[in-house]
Amino acid sequence: METTQVSDDFDAPDSSREVDEQVGHYDVPLCPNRLILAVEAARGPGTALALLREHLQLRETATMVFSAYSDCFFLRLDEIDRFQNRRVGGLEAVTTMPFKAVEIFKHEISTWTG
């Protein structure tokens, strides 16, 4: 299973991967932290990002970052995913992504058995 690189410093690039200086990144807010943390705690590190990649058909360049300033997670996308991936939502992605992420994580949680 792939691990998610979650940075505590929102503005700093992820040091575990090379960042192409000519490729921009775009951050869209995700759902409440408690859903992401629940999925990660139950299924393991990297699961939340893997679910988002699967359901939204994201490229491998997609990552999740945590902003200590706003105390929430963001989905960091490249230009192709941000503006050409219809599942992300185009220009309205900033307002629709939290709702899409909630549905993805709630669906995952609903499949868990006690």
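We now turn to the structure provided with this report. (Residues numbered from 1 in each chain as written. Predicted model: local features only at pLDDT ≥ 70, side-chain atom pairs only at ≥ 80, totals over all residues. Heavy atoms only, no water.)

## Here's the deal with the environment of serine 110
In this structure, serine 110 sits in helix α4 (residues 93-110). Here serine 110 falls in the exposed class, since its relative accessible area comes to 55%. A polar contact of 2.7 Å, which involves the side chain of serine 110, links it to the backbone oxygen of histidine 107. (Helix = DSSP H or I, 4+ residues; strand = E, 2+ residues; numbered from the N terminus. Buried < 20%, exposed > 50% of the residue type's maximum accessible area, 1.4 Å probe, protein only. Polar contact = N/O pair within 3.5 Å; in protein donor to acceptor, adjacent residues only side chain to side chain.)

## Re the packing of helix α2 (residues 47-56) against α4
Their axes nearest at 10 Å, the elements α2 and α4 cross at an angle of 110 degrees. Comparing their axes, α4 and α2 come out roughly perpendicular. Contacts from Ala48, Leu51, Leu52, His55 and Leu56 of α2 reach α4 at Met97, Ala101, Ile104, Phe105 and Glu108. (Axes fitted to C-alpha atoms, helices over the stretch in contact; angles between N-to-C directions. Parallel < 35°, antiparallel > 145°, perpendicular 65-115°, else oblique. Contact = heavy atoms within 4.5 Å.)

## Thoughts on the sheet that holds strand β1 (residues 25-29)
An order of β1-β3-β2 is seen for the three strands of this open sheet, with the pairing classed as antiparallel. In this open sheet, the two edge strands, each paired with only one partner strand, are β1 and β2 (63-67). For this sheet, the mean inter-axis angle between neighbouring strands, taken without regard to orientation, is 35 degrees. Summarising the sheet, β1 and strand β3 (residues 72-78) pair through five bridges and their orientation is antiparallel. The residue of β3 that forms the bridge with histidine 25 is aspartate 78. (Pairing = 2+ DSSP bridges.)

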